[in-house]
Amino acid sequence: MNDFILPDIGEGIVECELVKWLIKEGDVIEEDQPVAEVMTDKALVEIPAPHAGTVVKLYCQEGEIARVHAPLFAVDDGSDSDGDKTGHGEREDDHAGDVMTVAAPARSTAQTQSAASQATSSQSDVTTSAPAAAATNGAATTPTAAVLERRSRDFILPDIGEGIVECEVVTWHVAEGDTVEEDQTIVDVMTDKALVEITASEPGRIVRFHYAQGENARVHTPLYAYVPDEEAEAESAESAEGDVTAPERKQAQPECLAKHRQEGDYKSDKKSGQDVRHEESRPRIPATPAVRRLLREHQLDIQAIAGSGRNGRVLKEDVLAYLKQSEAREIDATPDDSHKVGAAAETDKAAAEACAVASDVSSHEVRSSRLESKAVPLKGVAAVMARRMVQASTQIPHFHYGDELDITDLLALRARLKVRAEQQGIRLTLMPFIMKAMALAVIEEPILNARLSEDESEILYQGACNIGMAVDSASGLMVPNVKGVERLSILEIAREVGRLTEAARSGRVAQADLKGGTLTISNIGALGGTYAAPIINQPEVAIVALGRTQRLPRFDGEGNVCARDIMTITWAGDHRIIDGGTIARFSNLWKHYLEHPDEMLLSLS
């Protein structure tokens, strides 16, 4: 039995009124069949069925309020009954198969089939060596596994981003059969925007995975099955009351399995089980997902690091300090071996000279082996960026406009304020000044902060200036945005810029930080470029590319040549609603604020 979770039915909508049920309990429904009509604050929405099955229970009555991401109705797709029939068939045909099905919920399909075939091939051995133990074990453990399977619940993959309907399963952090705690990281999934960690909604035991690593999982479908703690404890209590010879069965089971398993596999499974029990016995040390990712990247054990946070929480600073201490210990150990290094260098000198001729001969072969022919699938953030760039460049008529900014005075102001910002733990770059000046210019030319409606019949002016910044991360190009720049101070903007940059480079940007952008800055100059022709980030209507800052000769007001700090800029505007005069006026006002940063004080609210 699976619960149908009410999906997102509109941006910002968290609940709706159930107007009418189009089905009733006991009905057999088909995939995509309309099941209910709900009323939001915007429209009447028809909810379709995600898959076929029999309706078991309706959780809401007509006229009641249903909440998004909460169960709406329960449907039986017939998977449990099929599992029961298979279990009964195995018990009637083969008792040896019953011995192996005790681990079925905690194995993959391939492992289960392999175990069943091994048990069938060695049926006579098991029956001869331990008939009583096998019969007792099969009679007791198979019903337990079947009951746990029936009591399991499906974890429904929630919405992980606006417009995202599927994601790639990157890494499972647990195994089938593991016991997990609430909010424990279960799996990493890659959307078209970022790498997202999926955590456990409640404590329990993992029964099976519905997707393997590398497969694409769809939103609002079961991701994995688990048994909550209370269900598992109830089943354990029932099994303990109904079976008195459990200790004898535990002793007999390894003897039976040893007859038809290879010695190496058995030792490996035993060691793996001990490792799992050891991991479960250790207390869970609190840490954020970003910190745990940092630990995995450096292959560190969280138990070895002393947490300085509340309740022993391990912070990022603790991990960096531990890495710094490790590097210091390695450096301290290096001088002791310096004489060995010198001797080795003298010894190897002759060998290096002797090999010089051979190296010259084979240099062509070495060079040719540096390149490798391979095909890399385009997926994740890179795949979505490719699709969106093609869509934006073909659907939007781009209008480009270039200019130069003299930011000499702005750099001097930043140098004076940098020390003050560092005292508050904030890294002050040029980006906060550029964003603030842009937000002030938007007040005079708000059309650059607007967007077109989907049917292109209206211009939608936005009530906040959310400026995005393109970040070149390991996962691809990401554009998180600073919300409400027109209301923030320079230091507040700088704090947000630092947070978003760090999150984007680690691939852990929150979905809320990627939504709602109204204007974008591409700082290509950070990588050394001078000019660029940026592509608009739909549904926005403008983007600016910042070139690198150069010290160039310019004439002052008296005609004298002087050195000035010059930054090139290139605007791209949506020519459907922005003309040359509009973007020129906007750019000139923005340029004036940046070239005379003291005058920005007059416009700050």
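One can find the structure itself at the top, above this paragraph.
None of the values given here were measured: they were computed from a predicted structure.

1. Examining the overall build of the protein
- In terms of regular secondary structure, the protein is built from 19 helices and 26 strands.
- The buried share of the protein, taken over its 605 residues, is 38%.
- Across the protein, contacts joining residues at least 24 apart in sequence account for 63% of those joining residues at least 6 apart.
- Per element, the accessible surface of the protein, about 33500 Å² overall, is 52% carbon and sulfur.

2. Notes on the sheet that holds strand E12 (residues 185-190)
- Sheet architecture is open: 4 strands sit in the order E13-E12-E10-E15, paired in antiparallel fashion. The two strands at the open ends of the sheet, each matched to only one other strand, are strand E13 (195-199) and strand E15 (216-218). Sheet twist, expressed as the mean angle between neighbouring strand axes with direction ignored, is 45°.
- The sheet contact formed by strand E10 (residues 166-172) and E15 spans 3 bridges and is antiparallel. Note on E15: the bridge partner recorded for Cys167 is Ala217.

3. Quick word on the packing of aromatic side chains
- Tallied over the full model, the rule gives 8 aromatic pairs.
- Considering the side-chain rings of Phe155 and Tyr224, the 4.9 Å spacing of their centres and the 15° angle between planes classify their relative orientation as stacked. Taken as a pair, Phe155 in strand E9 (residues 153-156) and Tyr224 in strand E16 (residues 222-228) lie far apart in primary sequence, 69 residues in all. Pair check on accessibility: Phe155 and Tyr224 agree, each one buried.

4. A few points about unusual backbone geometry
- Cis geometry is adopted by the peptide bond preceding Pro539, which originates at Gln538 and carries an omega value of 5°.
- Along the chain, Pro539 turns up in the loop between strand E24 (519-522) and strand E25 (542-555).
- Positioned with a positive phi, Asp32 is a non-glycine residue whose angle comes to about 70°.
- Along the polypeptide, Asp32 turns up in the loop between strand E3 (28-29) and strand E4 (34-39).

Quick notes on the rules
Residues numbered from 1 in each chain as written. Predicted model: local features only at pLDDT ≥ 70, side-chain atom pairs only at ≥ 80, totals over all residues. Heavy atoms only, no water. Helix = DSSP H or I, 4+ residues; strand = E, 2+ residues; numbered from the N terminus. Buried < 20%, exposed > 50% of the residue type's maximum accessible area, 1.4 Å probe, protein only. Contact = heavy atoms within 4.5 Å. Areas by Shrake-Rupley, 256 points an atom, 1.4 Å probe, with all protein chains shown as cover. Pairing = 2+ DSSP bridges. Axes fitted to C-alpha atoms, helices over the stretch in contact; angles between N-to-C directions. Phe/Tyr/Trp six-rings, centres within 6.5 Å; stacked < 30°, edge-to-face > 60°.

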